[in-house]
Structure formats: structure tokens, C-alpha cells
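Chains, contacts and geometry: an overview
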Amino acid sequence: MNASPSVRSALTAAARAEWAKTASVRGLVAALAATVVTTIAFGAVACAVAGDATGESDFDPIRFSFFGVGFGQITAICFGALAMAGEYTHGSIRVSLAAVPRRGVFYTAKLGVVTGLTLAAGLVAGFGALVVGQPLLGDAGVGAGAPGALRAAVGCGLHLALLALLAAGTAAVLRSPVGTLGLLVPLVCLLSPVLGPDALGGAGQFLPDRAGQQMMATDPEGALGPWSGLGVAALWAVAAAATGWWALRRRDA
């Protein structure tokens with residue numbers, strides 16, 4: 001069923017307000033910029049120092065370009081967490097809900113802006129990682145038309161957007177940037193990299209960051225392919241967003 005004109009107009013107005021709020025907060029703008037810079041920069045460094053690894057039979061030039069995603073996803077999580085939890089930290093949630101009494105409209109606009117901005121930044125980072133990183137690999141580098149290259153660049157944007165959505169939904173539940181980052185950053189930075197994909201009987205490959213990064217490999221290993229991995233990451237994000245909506249609807253501001 002299509003939304004009524006009044007709901008659409010309210011959603012459009014709320015989205016514009018969320019855009020204005022986001023653009024006015026330096027920390028949020030910095031987090032978005034850092035997502036692009038860290039993804040491209042660390043990928044470029046990885047390509048520049050690849051050295052003898054380029055001669056190995058299983059060398060994947062695409063994955064090397066996207067080495068920086070492991071760092072960019074942290075800033076994407078920070079952006080999503082701060083965008084939502086900042087409403088509670090500064091007490092502006094009451095003002096926001098007074099301006100947009102329909103909580104569903106407010107929440108949809110907030111998540112839409114968070115996800116959309118991170119997607120845009122992630123696409124810039126993805127294509128930038130390819131353009132900057134591949135020439136640094138010398139003869140081992142590939143062009144944008146190589147198998148998996150375009151998918152990886154687009155997948156980078158989708159992956160980072162889903163992690164920002166995951167963070168925003170979690171922040172709507174916890175109402176704390178510290179609590180949200182304290183939960184998600186160790187999950188992405190410690191649990192997944194340290195335990196590896198084979199941990200817990202292979203369950204490690206279904207963690208959101210590892211599943212989403214399957215998009216950025218030419219021939220992904222494990223039970224998940226590129227699109228199924230992205231699907232798993234999407235399930236994590238949707239579950240967090242749905243839980244956040246439940247919390248927002250049931251609790252007082």
C-alpha cells in the first residue's frame with residue numbers, strides 16, 4: 001500500500017530536517033569523511049607494500065584494494081551510532097519528536113538519512129579504493145572491468161551503509177553512543193578478526209562485518225558468496241533497526 005500524501009510530505013520534511021541536523025554537526029561530517037579517507041588510504045598502503053604477495057597463486061588484487069574497509073567500517077559505525085544516540089545525549093530527542101510527532105516518520109527519516117549518506121560515502125570510498133589502489137600493484141593490478149571489480153566497489157558502499165544502519169538501530173535501543181560503540185566496535189575489531197571465520201563451528205563467517213566483506217573478494221571463501229554474505233549483513237541491520245523501532249515506540253523520550 002502506498003503512503004498517503006500527508007505521510008509522504010511529512011517524511012520529506014523530516015528527512016530534510018535530519019539532513020540539516022547531520023550537516024551541522026562537525027563530528028558526524030568528520031565521521032563520514034573519515035570513512036572515505038581511511039578506506040582509500042589503508043587500501044592504498046596495502047597495495048603499495050604488497051611486494052612478493054602479488055606473485056602468489058591465490059593473490060587477489062581486488063581484496064588488497066579494499067583492505068581499508070576494515071578501518072572504514074569502524075567510522076561508519078561511529079557515524080550511525082552518533083547520529084542516533086546524539087539525540088538522547090544532548091536531549092534533542094524531545095525537540096525532534098515535538099517537531100515530528102509521528103515517531104515512525106521521525107525514525108524512518110533518521111535511518112534513511114544515515115543510511116543514504118553512508119551509502120554515498122561508501123560508494124566514493126569503493127571506487128576510490130579501486131582507482132587509487134590498483135595502479136600501486138603494478139603489473140598485478142586490474143582495471144575496473146575486471147571480474148568482481150565493479151561488484152566490490154558497489155558492495156563497499158552497501159556494506160558500509162548496512163553497518164551504519166546496524167549502529168543506528170542499536171543506538172536507538174541503548175540510547176548511548178558509548179554503549180553502542182562499546183558493543184559494536186569490539187564485535188567488528190576484535191571478535192571477528194581474532195576468532196576468524198571458522199570460530200564457533202563456522203559461525204564466525206556469519207558476523208555482520210565478515211559476511212558483508214564477501215562482496216569485496218573476487219572468489220569469496222566459505223559458506224557465503226558475495227550476495228548471500230551481503231544478505232546476512234542486511235539481516236543484522238534490519239533486525240537492529242526493527243528492535244530500535246520497538247524501543248522508540250514503547251519508551252518515553
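Up top is the structure.
Below, the structure is looked at part by part. Model, not experiment: these values are computed from the prediction.

Some details on the packing of aromatic side chains
Scanning the model with the defined rule gives 4 aromatic pairs in all. Seen in terms of ring centroids, Phe59 and Phe64 are 4.9 Å apart; in terms of plane orientation they differ by 50 degrees. Their pairing is tilted. We classify Phe64 as partly exposed; its relative accessible area is 25%. When the ring of Phe67 is compared with that of Phe71, the centres are 5.9 Å apart and the planes differ by 55 degrees; the resulting orientation is tilted. The exposure class of Phe67 is partly exposed, given its relative accessible area of 46%. Its relative accessible area of 33% is what places Phe71 among the partly exposed residues. Pairwise contacts between aromatic rings join Phe42, Phe67 and Phe71 into one cluster.

A closer look at the layout of surface pockets
Here the largest pocket defines a volume of roughly 790 Å³. What lines the largest pocket is a set of 27 residues, and nearest its centre among them are Arg63, Arg210, Gln213, Gln214 and Ala217. For the lining of the largest pocket, the secondary-structure elements that each account for two or more residues are helix 3 (61-65), helix 4 (69-89) and helix 8 (177-195). Among the elements that make up the lining of the largest pocket, the one with the highest residue count is helix 4 (5 residues). Of the pockets and cavities examined, the second largest pocket occupies roughly 270 Å³. Contributing to the lining of the second largest pocket are 14 residues, with Val25, Leu28, Leu82, Gly86 and His90 lying nearest its centre. Mapped onto the lining of the second largest pocket, the elements with two or more residues apiece are helix 1 (5-24), helix 2 (26-48) and helix 4. In the lining of the second largest pocket, the residues fall into 5 nonpolar, 6 polar and 3 charged.

Some remarks on the pattern of salt bridges
Applying the stated criterion across every chain, the model contains 4 salt bridges. Of the charged contacts in the structure, one is a salt bridge between Lys21 and Glu87, with a shortest N-O distance of 2.6 Å. Placement of Lys21 in helix 1 and of Glu87 in helix 4 is noted, with a sequence separation of 66 residues between them. The partner of Lys110 in a salt bridge is Glu87, with the nearest N and O atoms 2.8 Å apart. Within this pair, whereas Lys110 is found in helix 6 (residues 103-136), its partner Glu87 is found in helix 4, the two being separated by 23 residues in sequence. A cluster of three or more residues bridged by salt bridges with shared partners is formed by Glu18, Lys21, Glu87 and Lys110.

Regarding the packing of helix 2 against helix 6
Between helix 2 and helix 6, the shortest axis-to-axis distance is 8 Å and the interhelical angle comes to 20 degrees. One element, helix 2, and the other, helix 6, form an angle in the roughly parallel class. The handedness of the crossing between helix 2 and helix 6 is right-handed. Contacts between helix 2 and helix 6 involve Leu32, Thr35, Val36, Thr39, Ile40, Ala44, Cys47 and Ala48 on the former and, on the latter, Leu117, Thr118, Ala121, Val124, Ala125, Gly128, Ala129, Val132, Gly133 and Leu136. Across the contact of helix 2 with helix 6, the residue classes tally to 13 nonpolar, 5 polar and no charged.

Definitions and cut-offs
Residues numbered from 1 in each chain as written. Predicted model: local features only at pLDDT ≥ 70, side-chain atom pairs only at ≥ 80, totals over all residues. Heavy atoms only, no water. Phe/Tyr/Trp six-rings, centres within 6.5 Å; stacked < 30°, edge-to-face > 60°. Buried < 20%, exposed > 50% of the residue type's maximum accessible area, 1.4 Å probe, protein only. 1 Å grid on protein atoms, 1.4 Å probe; cavity = no way out; pocket = protein on both sides within 12 Å on 5 of 7 lines; lining within 4 Å. Points joined across faces, edges and corners; volume = space filled by probe spheres on them. Helix = DSSP H or I, 4+ residues; strand = E, 2+ residues; numbered from the N terminus. Nonpolar A, V, L, I, M, F, W, Y, C, P; charged D, E, K, R; others polar. Salt bridge = Lys/Arg side-chain N within 4 Å of Asp/Glu carboxyl O. Axes fitted to C-alpha atoms, helices over the stretch in contact; angles between N-to-C directions. Parallel < 35°, antiparallel > 145°, perpendicular 65-115°, else oblique. Left-handed = near helix turned anticlockwise from the far one by under 90°. Contact = heavy atoms within 4.5 Å.

By themselves these figures say nothing about function.
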